[in-house]
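Given next are the chains, with one letter for each unit.
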Amino acid sequence: MNRREFLGLSAVASIFLLAGCGGASSSGSDLSNLDKVGKSLPIPTLLRGVDRDGVKHYNLSINRTEHNFFDNVKTSTYAFNEQTFLGPTILLENGDDVSINYTNNLDEPTTVHGHGMHVPAVMDGAAHQPIAVGETWSAQYRVKQEASTNWYHPHYMGKTAEHVYMGLAGLIIVEDENSKSLDLPKRYGEDDIPLVLQDRVFSSSGQLDYSPSRREMMQGYIGDVAITNGAIEPYIDVENKEIRFRILNGSNASVYNLGFENGKTFKQIATDNSFLESPVSLSRVTLSPGERAEIVVDLSGSYGDSLVLKDFNTGKKFLNIKVSKSSTTQTTTPNHLVSLVHLNPNDSVKTRTFVLGHDRMKLQINGKSMSMSRIDENVPLNQVEIWEVTNSMGMKHNFHIHATHFEIIERNGRSVAANERAYKDTVYLAPNDTVKLVVKMIDYADSVKPYMYHCHFLEHEDGGMMGQFIVT
């Protein structure tokens, strides 16, 4: 080994050592001269489609704007439509024909990917569907999936992390006949609350600071200020009844261990792409970047109480909840939520292996960094497969598959937790974890346009930990 190779390996080893010890936040924010805006939780606008000839149209503009994270400070941000950070919540229904039209008003190209949406490859909104400056791109498809909470965000090659950091993200709610019939909280913004959880670094002047070092690109850029729906530690006044929270870990690289500060239990009712078949009682839920969870907390006997939603990994506080309103209606979460169609792993005809690793400072999957001109896997339509994913590194990763959902059948040789036994599109892998997924591509085949699989720690994705597959 020559001196250059030794120094390169030593640098990587030091990064992995830090990450293996839990890592650290990126450069800290200096907020000594800034006053946080103590405001109520912003609720993103609920965007319903406009029906034209049987197709529901949703228009979203991508804008450069300014947002008030702090009193009397205008922070430069990106956002969709009239919002100054993030975007509206798009409401879809299974079976609808839709056209989601994105107009790029930025001074640089971007894309918008429907994360968790089951769509044709040409409508995926990933790196192969760029939106040029001043142009409009439309994702047109029929909604074909279970009720779930998904999201949309940029996926431009090498710029995903920065564009999301600046504020480009929003939720997509899919409803179906089953979800509408369940006795669950479903008054959007009142007892059905969207929560986009993120963290950011701010400069001393109150501007977003996205300036990751080489180490932070490898480790992931982690902010020291928690924000929820674009607000710093906001509060919400709720009724004394069951409250449903649709939670997205929208951070670049943080793994959140979420729960209520007082230890109050809740029921998880859904994960990424579907309801759980039955609610699971928990006091904590772990979400890596891109993962979602729907929870219901019973506050019917808690009038006058307050509780705090926090990340127990770091102590970050995301939301102060005040039970200060008398209920106008009650719900009772059912013991049975949905009957899922499960793939049988014994029907698998192929096992694919994916190893998340590195070569010095290059992040890779199966020894290769991302190339838009290379197809890494050819997956036949309607074929049941096992995808075995291994994190070979001493740092946290996860794994996201476009095009379809999957089920986790095994984690490190053991059965999975009850709250992961539903349809998912993103799975967390702690250092040296291995998971087995049962996967089946359905509906859409395209021998030219690829889908992607990748780590959803955004700096890792931008850094090359991504591959492409076609469905044939």
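Anything mentioned here points back to the structure above.
Cut-off values and rules
- Residues numbered from 1 in each chain as written.
- Predicted model: local features only at pLDDT ≥ 70, side-chain atom pairs only at ≥ 80, totals over all residues.
- Heavy atoms only, no water.
- Helix = DSSP H or I, 4+ residues; strand = E, 2+ residues; numbered from the N terminus.
- Buried < 20%, exposed > 50% of the residue type's maximum accessible area, 1.4 Å probe, protein only.
- Contact = heavy atoms within 4.5 Å.
- Pairing = 2+ DSSP bridges.
- Axes fitted to C-alpha atoms, helices over the stretch in contact; angles between N-to-C directions.
- Phe/Tyr/Trp six-rings, centres within 6.5 Å; stacked < 30°, edge-to-face > 60°.
- Lys NZ or Arg CZ within 6 Å of the ring centre and 35° of its normal.

Caption draft 1: Region of interest: the environment of proline 44. Tracing the backbone shows proline 44 in the loop between helix H1 (3-20) and strand E1 (46-47). By relative accessible area, proline 44 is classed as buried at 9%. Through-space distance from the C-alpha of proline 44 to that of isoleucine 193 is 9.7 Å; in sequence the pair is 149 residues apart. In this view, proline 44 contacts Gln83, Gly87, Pro88, Thr89, Tyr188, Pro194 and Asn229; residues no more than four positions away in its chain are not counted.

Caption draft 2: The arrangement of the sheet that holds strand E9 (residues 148-153) in detail. Strand order in the open sheet formed by five strands is E1-E5-E10-E9-E7, and the pairing between neighbours is mixed. With one partner strand each, in any of the chains shown, E1 and strand E7 (113-115) form the two edges of the open sheet. Here five bridges tie E9 to strand E10 (residues 170-175), and the two strands are oriented antiparallel to one another. In the sheet register, tyrosine 152 faces E10, and the bridge partner there is glycine 170.

Caption draft 3: The arrangement of the sheet that holds strand E21 (residues 306-311) in detail. On the basis of which strands lie adjacent, the open sheet formed by five strands has the order E14-E22-E21-E16-E19 and mixed pairing. Of all strands in the sheet, those bounded by a partner on one side alone are strand E14 (235-239) and strand E19 (285-287). Looking at each pair of strands side by side, their axes are set apart by 25 degrees on average, direction ignored. Here three bridges tie strand E16 (residues 256-260) to E21, and the two strands are oriented antiparallel to one another. The partner of phenylalanine 260 across the bridge, within E21, is leucine 309.

Caption draft 4: Broad picture of the packing of aromatic side chains. In total, this model carries 20 aromatic pairs according to the counting rule given. With centroids separated by 4.8 Å and ring planes inclined at 40 degrees, the aromatic side chains of phenylalanine 354 and tryptophan 387 adopt a geometry described as tilted. Highlighted residues: phenylalanine 354 in strand E23 (residues 350-359) and tryptophan 387 in strand E26 (residues 384-391), separated in sequence by 33 residues. Each member of the pair, phenylalanine 354 together with tryptophan 387, is buried. Here phenylalanine 354 and tyrosine 453 contribute two aromatic rings whose centre-to-centre distance is 4.9 Å and whose plane-to-plane angle is 65 degrees, an arrangement assigned as edge-to-face. Of this pair, phenylalanine 354 sits in strand E23 while tyrosine 453 sits in strand E31 (residues 446-454), and the two are 99 residues apart along the sequence. Taken individually, phenylalanine 354 and tyrosine 453 each receive the classification buried, so the pair is uniform in this respect. Ring pairing ties together the aromatic residues Phe354, Trp387, Phe399, Tyr451, Tyr453 and Phe469, which thus form one cluster. When the ring centre of tyrosine 165 is taken as reference, the NZ or CZ atom of arginine 200 above it lies at 4.3 Å. For the cation-ring pair, arginine 284 lies above phenylalanine 312, with the distance from its terminal atom to the ring centre recorded as 3.5 Å.

Caption draft 5: Inspection of the pairing of strand E24 (residues 362-365) at higher detail. Here E23 runs beside E24; their pairing, made up of four bridges, is antiparallel. Directly across from glycine 357, in E24, lies its bridge partner glutamine 364. Connecting the antiparallel pair E23 and E24 is a turn made up of two residues, with arginine 360 showing a positive phi of about 55 degrees.

Caption draft 6: Focus on the pairing of strand E8 (residues 136-142). Only one face of E8 is covered, namely the one carrying Trp137, Ala139 and Tyr141; the face carrying Thr136, Ser138, Gln140 and Arg142 has none of its residues buried. Where strand E6 (residues 97-104) and E8 come together, seven bridges link them in antiparallel fashion. Within E8, the residue paired with aspartate 97 across the bridge is arginine 142.

Treat this as a map of the structure, not an account of what it does.
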